[in-house]
Amino acid sequence: MKTEVKGAPMQVKTTTIPGLTFAIQIEEVNHRDSLGGLICYLASLYRLDPKTSARHLVRRSRIPGAADDMKHEFQRDGIQAFRRLEQATA
């Protein structure tokens, strides 16, 4: 798993979880004001195509902390978590 954080005051945190047939990328945007109050939060879950590196959006959430939940779900359940998402969005 690789995590990368860019920029301030709007922080973009990207985590890539490699897999055998594809990788999962979780991108978390967290924007706060000068006093630390939350202005904007968005967590996006992408499936990375291994041949083209294209990102396919799987899930989005505006609930703070959702990116951590997504990471734990994929680390714990692997491909089964992705299959559950595909069935829920179909």
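Calculation criteria
Residues numbered from 1 in each chain as written. Predicted model: local features only at pLDDT ≥ 70, side-chain atom pairs only at ≥ 80, totals over all residues. Heavy atoms only, no water. Helix = DSSP H or I, 4+ residues; strand = E, 2+ residues; numbered from the N terminus. Buried < 20%, exposed > 50% of the residue type's maximum accessible area, 1.4 Å probe, protein only. Contact = heavy atoms within 4.5 Å. Polar contact = N/O pair within 3.5 Å; in protein donor to acceptor, adjacent residues only side chain to side chain. Salt bridge = Lys/Arg side-chain N within 4 Å of Asp/Glu carboxyl O.

Asker: Please provide a residue-by-residue account of the environment of Val29, values included.
Answerer: When you line up the elements, Val29 lands in strand E3 (residues 23-32). For Val29, a relative accessible area of 16% puts it in the buried group. Val29 sits 14 residues away from Ala43 along the chain, and the two C-alpha atoms are 6.4 Å apart.

Asker: With reference to specific residues and values, describe the environment of Tyr41.
Answerer: Within the secondary structure, Tyr41 sits in strand E4 (residues 38-48). Between the alpha carbons of Tyr41 and Ile63 there is a distance of 7.1 Å; along the sequence they are 22 residues apart. Setting aside its immediate chain neighbours within four residues, Tyr41 contacts Glu28, Val29, Asn30, Ser61, Arg62, Ile63, Pro64, Gly65, Ala66 and Ala67. For Tyr41, the side chain forms a polar contact with the side chain of Glu28, separated by 2.8 Å. One polar contact links the side chain of Tyr41 to the main-chain amide nitrogen of Ala67, over a distance of 3.2 Å.

Asker: Let's hear about the pattern of salt bridges: which residues, and what values?
Answerer: The full count for this structure, using the stated rule, is four salt bridges. Asp77 is the partner of Arg76 in a salt bridge, and the nearest nitrogen-oxygen pair spans 3.1 Å. Residue classification places Arg76 among the exposed residues on the basis of a relative accessible area of 60%.

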